[in-house]
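What the coordinates show
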Amino acid sequence: MEVQAIKQRFGIIGNSSLLVRSIDIARQVAPTDLTVLITGESGTGKEVFPQIIHQLSARKHGPYIAVNCGAIPEGTIDSELFGHEKGSFTGAMEARKGYFEEVNGGTIFLDEVGELPLSTQVRLLRVLESGEFLKVGSSKVLKTNVRLVAATNVNLETAIHQGQFREDLFYRLNSVPIIVPPLRERKDDIFLLFRKFSVDFAEKYRMPVIELSDDARLILENYRWPGNVRQLKNITEQISIIEQNRRISAEILRRYLPEGSFNELPILYKGESKETTFSERDLLYKVLFDMKKDIHDLKKIVADILQDDKRPITFNEPQDHFFGQDDELQVSIHPAEKAIPIAKDLQEDFDDTIQDSEIIEESLSLQKKEIDMIRKALEKYNGKRKNAARELGISERTLYRKIKEYDIN
């Protein structure tokens, strides 16, 4: 079955290449009995992929069950999965089959598998390796033939380092990984999903379909959607029920979007943390320090040329632009009577500028502020110099030189 046919059959909306890739992996692995681990943020729709795998497999006529591991108390999870014998614990009035016994010959989907207790993980590992398990309170080994598909929204590798998940179980589950992309990485699909949900709710509640203005659509597509598809669906339903005006403006839409998740928009907002933003004073210091560095570089060039040629220099005319950090400095040799002490004059002008703009705050220094801003930018972008340089408004080459100069780790 082709990917497009699968999307139509299971009601999947979206044309993102990341989403299509995930569906295609599920299609290819379905005919096998390999264990599949589905990862992705909460609300991305991970639960549809085990259904695709089951329906396209040879087990499609067998039983299928979905188990939310996070919703079952730790004290009863073993009994739910593997069953128990009569009298094995308080309240066990009769023997009971577990899910692995009931779904023999079919597919079992363990959602939120990262929430399993370590003792249950040991039992699950044995099932995956040999197909054998023990009921709670029994010493009789039972066999089962099930296809296991697991899903989680937590980073299992991090959980392994924290001692919360078994490494051997992780590799056994992760035979075939499927990564479901978050909604913010499927921007072109956001409006398609909104339109589908709005039509569905209009039919359900027997009311006109809501529509978005151009500004509202821009906000919708650039919002981060921390709750992913589930959040988008819930907000669409709220608007469909509450708003009398069926034409939704940007102002109306903002009322339904929680504050603090607009950092995909091309603006700086007041809610950003101090660790990742730069104040106007910081920017002023950066500009002044860059000017001082330019002056220092210019003086060095002037000194080198005068030492080599023993002749004065001037700038080529016309001088109708300010030189930046990476602009090429154009100089030419002129007769002594036309030479001007450009480096000295510029240094004096710069010193006057620094004095005029000095802020009375003893703990502040230009060098320290620049080091702090560089560190903030690098931390914000996880050490990626290209992005940090763009944030600081300087070239990557200049940033590399400053990192080396200040010995910033």
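You'll find the structure just up there.
The following paragraphs examine the structure supplied in this document.

1. Overview of the packing of aromatic side chains
- Taken as a whole and judged by the stated rule, the model has 6 aromatic pairs.
- Between Phe-82 and Phe-100, the ring centres sit 5.4 Å apart and the planes meet at 10°, which makes this aromatic pair stacked. Placement of the pair is Phe-82 in helix α4 (residues 77–82) and Phe-100 in helix α5 (residues 99–102), with a sequence separation of 18 residues. Phe-100 matches Phe-82 in its accessibility class, with the two residues each being buried.
- Put simply, the rings of Phe-82, Phe-100 and Phe-133 pair up and form one aromatic cluster.
- Here the basic side chain of Arg-96 rests over the ring of Tyr-99, its NZ or CZ set 5.9 Å away from the ring centre.
- The ring of Phe-191 is capped by Arg-217, whose NZ or CZ atom sits 3.9 Å from the centre of that ring.

2. What to know about helix α1 (residues 3–10)
- Of the residues making up α1, those classed as buried are Val-3, Ile-6, Lys-7 and Phe-10. Looking straight down α1, one finds its buried side chains confined to an arc of 100°; they lie on one side.
- If you follow the buried residues of α1, they end up packed against α2 (17–29) and α3 (48–55).
- After α1 finishes, the residue Gly-11 shows a positive phi value of roughly 65°.

3. Details of the sheet that holds strand β2 (residues 64–68)
- On the basis of which strands lie adjacent, the open sheet formed by 5 strands has the order β2-β5-β8-β1-β9 and parallel pairing. Every other strand in the sheet has two partners, leaving β2 and β9 (176–179) as the edge strands with one partner each. Put simply, the sheet's adjacent strands are angled 20° from each other on average, direction ignored.
- Helix-sheet contacts for α2 involve β1 (36–39), β8 (147–152) and β9, and the interaxial angle to β9 is about 150°.

4. Side note on the pairing of β8
- Burial runs high along β8: 6 of the 6 residues are buried.
- Side-chain alternation along β8 places Arg-147, Val-149 and Ala-151 on one buried face and Leu-148, Ala-150 and Thr-152 on a second face that is also buried.
- With 4 bridges connecting them, β1 and β8 associate as parallel partners. Looking across to β8, one finds that Val-36 is bridged to Val-149.
- One ladder, built from 4 bridges, connects strand β5 (residues 107–111) with β8; its direction is parallel. The residue bridging Thr-107 from the neighbouring strand is Arg-147, located in β8.

5. Let's talk about the packing of α1 against α2
- Put simply, α1 and α2 touch, their axes get as near as 10 Å, and they point 95° apart. By the criterion of interaxial angle, the relationship of α1 to α2 is roughly perpendicular. Across the interface between the two elements, Val-3, Ile-6 and Lys-7 from α1 touch Val-20, Ile-23, Asp-24 and Arg-27 from α2.
- Considering only residue class, the contact of α1 with α2 consists of 4 nonpolar, no polar and 3 charged.

6. Focus: the environment of Lys-386
- With respect to the secondary-structure elements, Lys-386 resides in helix α16 (residues 385–392).
- Its relative accessible area of 56% is what places Lys-386 among the exposed residues.
- Considering only alpha carbons, one finds Lys-386 and Glu-396, 10 residues apart in sequence, at a separation of 5.6 Å.

The rules behind the values
Residues numbered from 1 in each chain as written. Predicted model: local features only at pLDDT ≥ 70, side-chain atom pairs only at ≥ 80, totals over all residues. Heavy atoms only, no water. Phe/Tyr/Trp six-rings, centres within 6.5 Å; stacked < 30°, edge-to-face > 60°. Helix = DSSP H or I, 4+ residues; strand = E, 2+ residues; numbered from the N terminus. Buried < 20%, exposed > 50% of the residue type's maximum accessible area, 1.4 Å probe, protein only. Lys NZ or Arg CZ within 6 Å of the ring centre and 35° of its normal. Arc of directions from axis to C-beta. Contact = heavy atoms within 4.5 Å. Pairing = 2+ DSSP bridges. Axes fitted to C-alpha atoms, helices over the stretch in contact; angles between N-to-C directions. Parallel < 35°, antiparallel > 145°, perpendicular 65-115°, else oblique. Nonpolar A, V, L, I, M, F, W, Y, C, P; charged D, E, K, R; others polar.

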